[in-house]
Structure formats: C-alpha cells, structure tokens
Amino acid sequence: MATVMKTTGMKTPDSTTPGSQTMKITPLSAACGAEITGVDLTQDLTPETVAAIRQAWNDHIVLVFRGQKITQEQQLRFASYFGNLGKRKNALFNPELQKRNHGTQQNDPNVLLVSNIKENGEPIGAFGEGEMWFHIDSGYAQNPYNYTFLYALELPSTGGNTQFSNMYMAYDALSQELKERYAGRKALHIHEYKRSEKVEIGTDLSKAPHYFHPIFSTHAETGRKSLFVDRLMTARLEGFTKEENEVYLEELYEIGERPEFIYEHKWQLDDFVMWDNRCAIHARTWFPPEERRLLRRCAIEGAPIHE
Ligand code: OGA
Ligand code: MN
C-alpha cells in the first residue's frame, strides 16, 4: 500500500511510497510543473503509483521525469495507464496538409516524432524547426487530447525550450466583466499546420480541420475552470464582430501568456514530460535550425470540452 505524505511549498516536496520506491514531487515554478523522482517509467506500475501520479498531475498540470531510458513500447505502455492512446490526427481533410504532418519514420499511428531532422530530403517527423506559438494539442478536433507525453532523444545546444502556461490561472485572472462576456460562448479553433503565424480568419473551413469549443472549459477531474483559447489556432470568438474579435482575441491570448503563469522547460536528454492539455497551453522557443532536435510524442484521447 502506498503511503502519501503531503506537504506544500518548494522546499518540502510531497512524498509517496509505492512499494519499496520513494516517489517525490517537487514543484518547478509558482505557475505549474513538478519534477517527480523515484519512479522508473520502464517498469509496470502499481495502481497506487499510477493514482499518485494522476493526483500530482491534477495538482501541477505538467510533470517532469528526468533520466528515463524509455523505449517507444514502454512509453506507450506507461501512457496507457491514463486512458486510450490518441492516434495522430492527420488522416483528415486536405492531403497536401497531411503530408506536412507525415514523417517518414512515424510507423506507429500512436506516435508522432517531433523533429527538424530530414533524411534523404524528407522530414522524419513533424513540427520542423523554429518557434511554435502557444497552442492546445489537437484543439481543432471535437475531442482534443487529454494529455500529451514527450520524450527527449536529441537536443540542440541551445533553445527549443517548451513553455507551459497554467490556464486555470488565466481564467482566475479574468475580470468579472470578461467572465460574463464569454460565459456560454464558443470559439473557433482551426488547424492550418502553421507554427508561428496567425490563422486566416477567411480560411475555407472545408479545407482545414476545425471545431467550435466553449471559451471556458471545466476540467472533468478537478472541476476547475480554465481559459480554452490559444494564439496559434483560436481564430474567432463566436457572436462578436470582426473588429471586436481583433481586440478581444489579442487580450485573451495575452492573459493566457502572462509570464507569471508559465513554466519553461529546458530539456535534458532522457527527459520525459507529460502535460494536461485541458488546462495548459504550450509553446516552443527558437533553436538553431541546423542542429538536430528529436522528441517522441504520444497522447491520450480526450472528450468534448464542456464549460
Ligand atoms: C508538441 C509540441 C513543442 C516542442 O509536441 O505538441 O508542441 O517543444 N512540442 O517541440
Ligand atoms: Mn503541441
């Protein structure tokens, strides 16, 4: 049986003892993120350990495990403790766009290689090089992923950090006026396979994956409300004019990206990072394009977003 000793604060980490291992949870910032030590992700985990990780996830949104030597198979097995694996959502719509998400070495439909590496002139994975704006993974789909897992296999000498913003904090920071303005409203999320460009509001929707989600989302497990809007894919707030949209959207993006809500992860090789897509947005900083970067991603299928 696991014993859970719960303390708070940066200097006195939570600690749990599943079986003989001692699991420790140490917050990484005042916004979100916690490092977990004392768990070997290559092994079968007890239900107590899985429950302790899930609790830490609900508490901290982003979990970091360092120094894991995990195979693709082990990564998928670990992720499966938290739900059904989510397939790459690239079999939709426009074949031209699909190609851009189709790496030559992505041979398992549940795995996405996040990489700028090319072999014989062809990308081995997705998302290439450069900065990526804040986004929600598959936020343009009816069922956005609940969770995403990324494992670092090759890293550039500098940059390529992943930033996570706590969207519960963003919601809580909204004025009463803004909470009332957006209550019961939806926003259009469009995927144009861009990384750091605004989506075209006039995009022909038949050519791009898209979905209307509530602007505010209530988390199925924590019951907390978050802001479900991001700069990369949220194209329009329903029920407002074009002029209102320009001002209102920028205001919401900026609230979601306040530095005090963000944990920035500086990757080390063998880092395994997992986050909750329902209450966090994430972005990537620039890195030297001529240097290789490779991460292995998988995700857990989600459900419709409810306010
Ligand atoms: C992702 C993603 C950012 C990164 O895998 O979903 O947004 O740091 N990755 O490469
Ligand atoms: Mn992403």
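Since the model is a prediction, treat every value here as computed from it, not as a measurement. (Residues numbered from 1 in each chain as written. Chains lettered and ligands numbered in written order. Predicted model: local features only at pLDDT ≥ 70, side-chain atom pairs only at ≥ 80, totals over all residues. Heavy atoms only, no water.)

> I'd like a rundown of unusual backbone geometry, residues and numbers included.
A positive phi angle, close to 70 degrees, is found at Ile61, a residue other than glycine. Mapping Ile61 onto the fold places it in the loop between α1 (47–60) and β5 (62–65). By relative accessible area, which is 3% here, Ile61 ends up buried. Within the chain, Ser138 stands out as a residue other than glycine whose phi angle is a positive 55 degrees. Here Ser138 shows up in the loop between β10 (132–135) and β11 (147–154). (Helix = DSSP H or I, 4+ residues; strand = E, 2+ residues; numbered from the N terminus. Buried < 20%, exposed > 50% of the residue type's maximum accessible area, 1.4 Å probe, protein only.)

> Run through the site of ligand 1, naming residues and quoting values.
Around ligand 1, the structure places Val114, Phe127, Met132, His135, Asp137, Leu150, Thr162, His282, Arg284, Arg293 and Arg297. In this structure, an oxygen atom belonging to ligand 1 sits 3.0 Å away from a side-chain N or O atom of Asp137. Within the side chain of Thr162, one N or O atom sits 2.6 Å away from an oxygen atom of ligand 1. Using a 2 Å cut-off from the grid points, one finds that ligand 1 occupies the largest cavity. Broken down by secondary-structure element, the contributors of at least two residues to the shell around ligand 1 are β10 and β20 (280–284). Of the residues contributing to the shell around ligand 1, the split by class is four nonpolar, three polar and four charged. (Near = heavy atom within 4 Å. Polar contact = N/O pair within 3.5 Å; in protein donor to acceptor, adjacent residues only side chain to side chain. 1 Å grid on protein atoms, 1.4 Å probe; cavity = no way out; pocket = protein on both sides within 12 Å on 5 of 7 lines; lining within 4 Å. Sits in = over half its atoms within 2 Å of the grid points. Nonpolar A, V, L, I, M, F, W, Y, C, P; charged D, E, K, R; others polar.)

> Quick rundown of the layout of surface pockets? Include the residues and the values.
Taken as a whole, the second largest pocket holds about 170 Å³ of empty space. At the level of elements, α1 and α4 (167–173) are the ones that each hand at least two residues to the lining of the second largest pocket. Classifying every residue of the lining of the second largest pocket by side-chain character gives eight nonpolar, four polar and two charged. (Points joined across faces, edges and corners; volume = space filled by probe spheres on them.)

> Outline the coordination of the manganese ion (ligand 2), supporting the account with residue identities and numerical values.
For the manganese ion (ligand 2), the full set of protein donor atoms is His135 (NE2), Asp137 (OD) and His282 (NE2), at a range of 2.1 Å. Along the chain, the residues that donate to the manganese ion (ligand 2) are spaced as H-x1-D-x144-H. Highlighted residues: Asp137 in the loop between β10 and β11 and His282 in strand β20, separated in sequence by 145 residues. For Asp137, a relative accessible area of 3% puts it in the buried group. (Donors = N, O, S within 2.8 Å, 3.2 Å for Na, K, Ca; no water.)

> How would you explain the pattern of salt bridges if you had to name every residue and give the values?
For the structure on display, the rule yields 14 salt bridges. Of the charged contacts, one joins Arg278 and Glu221 as a salt bridge, the two residues approaching to 3.6 Å between their closest N and O atoms. You can see Arg278 sitting in the loop between β19 (272–276) and β20 and its partner Glu221 sitting in the loop between β15 (216–218) and β16 (225–227), a full 57 residues away along the chain. Residue Arg278 is classed as buried on the basis of its relative accessible area of 9%. One salt-bridge network, held together by shared partners, links Arg54, Glu221, Asp276 and Arg278. (Salt bridge = Lys/Arg side-chain N within 4 Å of Asp/Glu carboxyl O.)

Shape is all these values report; function is a separate question.
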